[in-house]
Structures are given as C-alpha cells and as structure tokens.
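# Fold and geometry: a report
Each chain, letter by letter, is given below.
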Amino acid sequence: MKHKVLLLGLGVLFLGCTPKENVKNQTWGNALGTTYSIIYIADEELDYQQEIDSVFQVLNQSMSTYIPSSDISKINEGDSTVVVDDMFKEVFDVSSEVHKASNGYFDPTIGVLANAWGFGPGEQIKLDSLRVDSLLGYVGWDKVKLNSDNTISKTHPSIRFDFNAVAKGYAIDRLGAMLDARGIKNYLVEVGGEVLAKGTNLDSGKQWSVGIDDPQVETGRQLKQIVSLEDMAMASSGNYRKFRVDPETGEKYVHTINPKTGYTKNSNVLATSVVAKTCAVADAYATSFMAMDLEDSKQVLENHGELEAYIIYLDENGETQEFFTPGFEALVKN
C-alpha cells in the first residue's frame, strides 16, 4: 500500500492557441502532501480557488491521518462516537469493493504497519518477524464495519485506517464534481500525478495528453508513455520515488506494504498505471497491483473489463518489460 506517495509524474501537453471564445483558467498549489494543477476551459475568466481550497479542507478534516482533529484520526485513536461524513462513507465503500476484487491486497487497515515501517504519521519502530506478526493482528478489512448510524466499529482499538492509497484519487473526483456542478465541460484535474480528464483540450482541439514517467530514470524526468484521455481518470503508482534507507544497515524499504505478510513489497513490478471512470477506483487498483504479483493483477483485469492498465516490470532475466491491456494500449500516442 502507498502512503503519502508522490506517484509517477504527469506531463500535460498543450498545443496551438486558445481561440478567443475559449479561456483557459488554471490554478495550482500544494495540498494533501503534494502538488496540484487544475485547468478548466470556459468562455470567460473564472476563479474557483475558494471552492478548490474548500474541497481540500473538507477532505482533510474527514480523512487526513496527519491532522489530529480529523475524523479518521479520532477513529484511529479509539473514538467510536464519530459520525463520518458522506465522503468518508464513499471512500469506505470503494475500499470494500477493491479489497474484495483484489483478494485482500488492497486494505486500508494497514495503518499500524505504515507507522511501524516509517511511512505514516505515527512512530517508526524496529521490526522483526515476531513484531510484524503481532501487528498483523490489527490488520484486516473484516475487522472494521461501517454502521447504519454512520459510526465505525473496530474489533480492536489499535486498528488504524489509512486511506492515503485512495483519498488522493477521491479528492480529484470531488474537484471534478465541483467543476461539473458549475457547468464546466472541459477540464484536467491533477493531484500528485493522478488525473481526471473531462471533455477535450480546446487549446489543441484534441484529447488531453498526459505523460507517464519512466520509473527507471533516477534523476530528472523522462516520459515512458504519453496517453490521450477523455472523460476518464488515470492513477499511477511506483516505488522508485517513495522509499527510505535504513541509515545503519543501508537496506532500502519501499512504501508498498503487503497487507497479507506485513512486510514492505520489493518485487519485479516497477510501476503501474490504471485507467477507470473514477480516480478513486484507479488509485486503489494502481496501489493493489504494486502489492500483487503480475499474474494475479492480470487475473483481476480479466475479471474487471471496466479497468485498463499498464504495468512496467522486470522479467526473470532482469530485463524491463511492459504489459498493456488492449484498451490502455489504444490510448497510447505513437
């Protein structure tokens, strides 16, 4: 699972000039521990900065584990009286859906493990096999429940939620819904490399063009692929930017945590990108595929034709290979 991860980068390509009847409105800044950029094209100059800030603020108050007064932080500390909002409920439902579809590889109850491995807001601890096994007792989606009164039940008070692998994508969906409600038909919302594209890029008269970074380029940026998106979302995940190195042993720990074993997942999968109708769903599956073996990810994709995916991996000879679903390959610009 990923935690406060700045995922594979975004390249947005603008070609040509904006016709006079179209105005490109753009805003950018910092939120959710990363950067964001929002482009929305209309027939006049608009400023939705206040509305954008409000979306981030409400989302943080609901689901940020880095804000002690947030709903999720209170629930993590054992407050069973918190009545969660609709956003928390929607993210909970998406998490349940992807948890089931991924055979448990997507599990936002890994909060105690995220802290222990040094990828959460809590205290990092020295881990051995006994300690990991002990912490696994506080992990499991079957150990939590969303009640009819919108409170959360946990089988043990030490269970901790961490929605960082889905909340960023969900924030993008909420920003898109805000623009939809204001009649904006052409926009591109990007937060930390995750994107939601609506309509077309009227600058170029074409679909929105989005770049995917090469995970094997350690300094600077180089695009591995460029895809064209219209009325769809894409999320990417990888371990090449988010990791920590133990100063004593020099051992590298990646941010992807396998919720079944409790250990960080060093694997032959280097990076994943998933296209779906919503960015929350794309975000959750992109994270799941980093924790799963490639063949298991392919099986999930066969069972869920609504998803398209691109996975960069190393074969048995250590050579870089690429897997595309047919639908994703059709989005790639030659």
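Residues numbered from 1 in each chain as written. Predicted model: local features only at pLDDT ≥ 70, side-chain atom pairs only at ≥ 80, totals over all residues. Heavy atoms only, no water.

## Regarding the sheet that holds strand β15 (residues 320-324)
- The antiparallel open sheet is built from 8 strands, whose spatial order is β2-β3-β6-β7-β10-β13-β14-β15. Single-partner strands in this sheet number two, and they are β2 (23-31) and β15. Along the sheet, successive strands turn relative to each other by an average axial angle of 10 degrees, direction set aside.
- The pairing of strand β14 (residues 308-314) with β15 spans 5 bridges and is classified as antiparallel. The residue of β15 that forms the bridge with I312 is E322.
- Running at roughly 155 degrees to strand β13 (residues 269-276), helix α7 (residues 279-291) makes contact with β7 (194-198), β10 (232-238), β13 and β14 of the sheet. (Pairing = 2+ DSSP bridges. Helix = DSSP H or I, 4+ residues; strand = E, 2+ residues; numbered from the N terminus. Axes fitted to C-alpha atoms, helices over the stretch in contact; angles between N-to-C directions. Contact = heavy atoms within 4.5 Å.)

## Examining the pairing of strand β8 (residues 208-213)
- Counting buried residues along β8, 6 of its 6 residues qualify, which places the element largely inside the surrounding structure.
- Here β8 shows no split at all, with W208, V210 and I212 on one side and S209, G211 and D213 on the other all buried.
- Across 6 bridges, the pairing between β8 and strand β9 (residues 223-229) is antiparallel. Counted as the bridge partner of I212 is Q225 from β9. (Buried < 20%, exposed > 50% of the residue type's maximum accessible area, 1.4 Å probe, protein only.)

## Remarks on the packing of helix α1 (residues 49-63) against helix α6 (residues 164-181)
- The interhelical angle for the contact between α1 and α6, taken along N-to-C directions, is 145 degrees, at an axis separation of 10 Å. Seen from above, α1 lies across α6 with right-handed handedness. Contacts between α1 and α6 involve E51, I52, V55, F56, L59 and M63 from the former and A167, Y170, A171, R174, L175 and M178 from the latter.
- Of the residues contributing to the contact of α1 with α6, the split by class is 10 nonpolar, no polar and 2 charged. (Left-handed = near helix turned anticlockwise from the far one by under 90°. Nonpolar A, V, L, I, M, F, W, Y, C, P; charged D, E, K, R; others polar.)

## Some remarks on the packing of aromatic side chains
- Under the defined criterion, the tally for this structure stands at 12 aromatic pairs.
- Ring geometry for Y36 versus F56: centroids 5.0 Å apart, planes at 45 degrees, classification tilted. Taken as a pair, Y36 in strand β3 (residues 34-42) and F56 in helix α1 lie far apart in primary sequence, 20 residues in all. Both residues of the pair, Y36 and F56, count as buried.
- Aromatic rings pair up to connect F88, F92, W141, F161 and F163 into one cluster.
- The side chain of K260 reaches across the aromatic face of Y105, ending 5.0 Å from its centre. (Phe/Tyr/Trp six-rings, centres within 6.5 Å; stacked < 30°, edge-to-face > 60°. Lys NZ or Arg CZ within 6 Å of the ring centre and 35° of its normal.)

## Things to note about α1
- The terminal C-alpha atoms of α1, which comprises 15 residues, lie 21 Å apart, in line with the 21 Å expected from a rise of 1.5 Å per residue.
- Listed as buried for α1 are I52, V55, F56, L59, N60, S62 and M63. Seen end-on, α1 carries its buried residues on one side only, within an arc spanning 165 degrees. α1 presents Q50 and Q57 as exposed residues on the side facing more than 90 degrees away from its buried surface.
- For α1, the elements touching its buried residues are β2, β3, α2 (71-76), α3 (86-101), α6 and β6 (186-191). (Expected span 1.5 Å × (residues − 1). Arc of directions from axis to C-beta.)

## Some remarks on the environment of T272
- One can find T272 in strand β13.
- On the basis of relative accessible area, T272 is assigned to the buried category, the value being 1%.
- Taking the C-alpha atoms as reference points, T272 and E322, 50 residues apart in sequence, are found 9.9 Å from one another.

## A few points about the nonpolar core
- The biggest cluster of nonpolar side chains holds 69 residues, and the ones touching the most others in it are F56, F88, F161, F163, L179 and Y285.
- No other element matches α7, which puts 10 residues into this core.
- Setting aside residues up to four positions removed in sequence, Y285 forms contacts with V98, A101, V274, V300, H304 and L307.
- If you look at the next biggest cluster of nonpolar residues, it comprises 21 residues, including V195, I212, Y310 and V332. (Core = buried A, V, L, I, M, F, W, Y, C linked by side-chain atoms within 4.5 Å.)

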